[in-house]
Structures are given as C-alpha cells and as structure tokens.
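Each chain is listed here by its residues.
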Amino acid sequence: MGGPWQPPRPRSLLLLLLLLLPTLQVQGTHPDCSVILHFQELEEECLQRIRSESHGPGQAGQGCPTEWDGVSCWPALPLGQSRGVACPDILSVFKKPKGLIQRNCTEWGWSPPSPPYHSACQLETLGSNKDTQAKARHFVTMKVLYTCGYSTSLAALLLAIGIFCCFRKLHCTRNSIHIHFFTSFILRGTAVFIKDHVLFSDESLDHCTMSTVTCKAAITFFQYSVLANFYWLLVEGLYLQTLLLLTFTCDRSYTWGYVLMGWGVPMVTVGVWVLTRLQYDNHGCWDDYSSVYWWVIKAPILLAIFVNFLIFLNVTRMLAQKIRCPDLSRTHKQQYMRLTKSTLLLIPLFGVHYVVFALFPEHVSVDARLYFELVLGSYQGFLVALLYCFLNGEVQAEIRRNWGTWQRSMESNVFNLATQDFTA
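All figures in this text were calculated on a predicted structure; none of them were measured in a lab.

Draft legend 1. Structural context of the state of the cysteines. One pass over the full model with this rule turns up 3 disulfides. In this model, cysteine 46 is linked to cysteine 73 through a disulfide, with the two sulfur atoms separated by 2.1 Å. Because the torsion about its S-S bond is 70°, the bridge between cysteine 46 and cysteine 73 counts as right-handed. In this pair, cysteine 46 sits in helix α2 (residues 33-54) while cysteine 73 sits in strand β3 (residues 73-74), placing the two residues 27 residues apart along the sequence.

Draft legend 2. Up close: the UniProt feature "transmembrane region" (unreviewed entry) in the protein chain. UniProt feature "transmembrane region" (unreviewed entry): in the numbering of this structure it lies at residues 144-165, 177-194, 230-248, 255-275, 295-315, 336-359 and 371-391. Along residues 144-165 the backbone is 100% helical and 0% strand, and the end-to-end C-alpha distance reaches 32 Å. Summarising residues 295-315: 100% helix, 0% strand, and an end-to-end C-alpha distance of 29 Å.

Draft legend 3. Broad picture of the packing of helix α6 (residues 213-245) against helix α7 (residues 255-280). Here α6 crosses α7 at 150°, and the two axes come no closer than 8 Å. In terms of their interaxial angle, α6 and α7 are classed as roughly antiparallel. Crossing handedness for the pair α6 and α7: right-handed. Residues of the contact of α6 with α7, tallied by class, amount to 20 nonpolar, 5 polar and no charged.

Draft legend 4. Geometry of the pattern of salt bridges. Enumeration over the complete set of coordinates arrives at 6 salt bridges. The closest approach of N and O atoms between glutamate 44 and arginine 51, which form a salt bridge, is 3.2 Å. We classify glutamate 44 as partly exposed; its relative accessible area is 37%. We classify arginine 51 as partly exposed; its relative accessible area is 41%. Of the charged contacts, one joins arginine 174 and glutamate 394 as a salt bridge, the two residues approaching to 2.6 Å between their closest N and O atoms. Pair noted here: arginine 174 is in helix α5 (residues 173-200) and glutamate 394 is in helix α14 (residues 393-423), with a separation of 220 residues, a long-range link.

Draft legend 5. Region of the structure containing the environment of alanine 191. In this fold, alanine 191 is placed in helix α5. Separated by 32 residues in sequence, alanine 191 and glutamine 223 place their C-alpha atoms 8.6 Å apart. Excluding its chain neighbours within four sequence positions, the residues that come into contact with alanine 191 are Phe221, Phe222 and Ser225.

Draft legend 6. Expanded view of unusual backbone geometry. Following serine 114, the chain continues into proline 115 via a peptide bond in cis, with omega recorded as -5°. Positionally, proline 115 belongs in the loop between β7 (109-110) and α3 (117-122). In this structure, tryptophan 286 is a non-glycine residue whose phi angle is positive, near 65°. Relative to the helices and strands, tryptophan 286 is located in the loop between α7 and α8 (295-324). Owing to a relative accessible area of 4%, tryptophan 286 belongs among the buried residues under this scheme.

Thresholds, definitions, all that
- Residues numbered from 1 in each chain as written.
- Predicted model: local features only at pLDDT ≥ 70, side-chain atom pairs only at ≥ 80, totals over all residues.
- Heavy atoms only, no water.
- Disulfide = S-S within 2.5 Å.
- Helix = DSSP H or I, 4+ residues; strand = E, 2+ residues; numbered from the N terminus.
- UniProt positions renumbered as here; feature names shortened; annotations may be inferred.
- Axes fitted to C-alpha atoms, helices over the stretch in contact; angles between N-to-C directions.
- Parallel < 35°, antiparallel > 145°, perpendicular 65-115°, else oblique.
- Left-handed = near helix turned anticlockwise from the far one by under 90°.
- Nonpolar A, V, L, I, M, F, W, Y, C, P; charged D, E, K, R; others polar.
- Salt bridge = Lys/Arg side-chain N within 4 Å of Asp/Glu carboxyl O.
- Buried < 20%, exposed > 50% of the residue type's maximum accessible area, 1.4 Å probe, protein only.
- Contact = heavy atoms within 4.5 Å.

In structure tokens form, the structure reads like this:
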C-alpha cells in the first residue's frame, strides 16, 4: 500500500474503456480503432516529450518526470506540488471532457489520479455484459447473412457465366458485357471473403495497428473489386444507351473501349491510391476511411454512380418517347414496352440505390449503411444473374432447344441399341 503507484498498462486501460462502450460510430472497418489510434497518437506525443527531456538537464531527485498513464500525459512536476489535467476530449468515450483530474508529486512518485477517470469524466453510457453480448451477436448474425448472400451470388454468377459460355448462340457483345459484369461481382464477393480471413481469422491480432503486406494487399484487392464492380455497372448503362441511340444495332468496335473502362480505370485509380498511401500515409492496414486519401477511391465511385443515374433517367426518357410515338408499329411498341418493364428492373443494375448514401459522411447512419451495403448488397449478384440470365427469354429458349435436342439424341441412341440387340 505504501509503495509507488504503478500506472495501468495503456493497452489494458483502452480495452477496458472500449468494453464499456455499447455503441461507437466511427469511419473505419474496425469499429473501435479510431479511439485506440487517437490514444496512440497522444501516447507518441508524450513519449517524444519524455525523450526530449531525457536529453536535457538532469531532473533526477528534483521531482516527478513526465509520465504517460495510458490516458493522459502528465508534465514533469517538482516534489510536493500537484497538477490537474482535463479529461480527454473524446465525446464518444467521455461525457465530461472538461472534468478535472488531479495528481500529486510525492517522494514515491506520482500519486493515483483523483478522482479516477471513470468518475471525473463519466464514461459514456456504460454497457453491461448483456449489452456487449447482444452487440457481438448482432455482428455475428450480420456476418452470417452476408456470407450466405455472397455464397449464393457466387454460385449463381458462376452458373450464369457457364451458360453464356456453353451455348454458342448466346455469344454476342451484350452477353460478353454481362459476363464481365458478373465477373466483377465474383471478384467483389471473393475480396470480401479474403479480407475477412486476413483481418478477422485470428482474434488475438491487433487489427487497429496491423500493417502487414498481406493485409494491405487484401484491402487493395478489395478496393479494386469494388471499383471494377461500379465501373461495369456504368458500362452496362452506357451499352444500353448506345443500343437505343443506334436503333438496336451492335458495333463490336466499342467492346474494347468498354473493357478498358471496366477494368482499366479501376486499375489506374487503385494504382494511384496505393502510391499515394505508400508515399504519404503508410500506416495501419489502409482500411481507415477517415484518411483524406480515401477520396482517391471515393471520388471515382461517386462519379460512376451519378453518371449512371443520369443515364438511367435518359434511357427512361428515350423509351417513354418511343412508346408515345403514334407512327410506331404495334410490334415495335411491344418491344419498347418490354424494354420499359426491364428498365424498372435496371435499378439494382445501375446502382441507383447507392445514391441514397453516396454523399453521406462515412460515420452517418453506420448501422443502416452496414446492413444495406453488406447484407442486401451481398445478394445483388444473385439478383443480377437472375434477371439477366435465368429469367432471360433468349437464354430459356436456348436451354429448352438444347435440352430437346439432347433428349431426341438420347432416344435415338436407345432405339439404335434396341434395334441392334433385336437384329443380332
């Protein structure tokens, strides 16, 4: 009891604070990392101060040296004096950032903080074990839902690509673009599984300070997959508009341009982002969306979203004009009516629903955003495969035709075998 007071270990104190928080809105992949990184920055500033003082005039025996207690930095103090510091200005952790904590410099060193941090600063909405368990179950449930969604989408997309590739009659520019689009969804789902495995497979790892090459490569692949997905959404919109403008004629010369846009623009963008992070912000696992360099990725995504939205409105306008045209034949009007109905189904294809969250800051409506983008977004690949392959009349007709041909061939083979046995 009479010995010098030992400050708590910084990691233990921060984990205690985070366990007491039932909710926390942040701007990164890991919900608690912003708080931990903030305290780490304060600790680094304090340690630099301690190192600079250690190279100055000797202070031994004259009082208490500068000390980091895991939450605040206490400047050096002469023996017998006291000092007070304000609560850390972290509104998501403490209710009273202007509260005052005092410590004395005694012959045994710094005295314990008085009053304690949790009393002077009032931790924000202390949660019970039941709250923590409920929160854990919520995220586990969400992970199970989006894992099932991406698995279902991957299976449907692979089957759809197989159908487009197997039947020669389905080989055309439109279906070739669909295959690229499906592939971007496959990459996106695969990237989510890879990122989860790298970041969350080992619970003993410190995800907030993880800075390995594997981790950064997983995040880079994920960002490329997301960008490619958005730009193939844009290609689908541009292609449909081109078909309407060219009166349903198909020019294969545009195909390479579409490929360069769908795969090339994301590659260049991600390359610039990687070089920027390596040069100016090479810390952590590059999954902190609070960084200003996140706009290197976000700006092209916003551009693709709003261009696609404008294309969607233009396509709808063009179809409405063609349907109202009095000189249009009944056959063409029915064709345009079918296109109008399919246009209503193009909303998930064009990504119009992403406009809802496009301009919101990353920390706004975190729970709704996570559910919308992870859970509902995970089934988007399945929905696209369903609309553009499994429910496609041309695909269904080709499958029925080949199925009938195969059945007739099997019946013919059985008849030939029976005839040979009978005449033998």
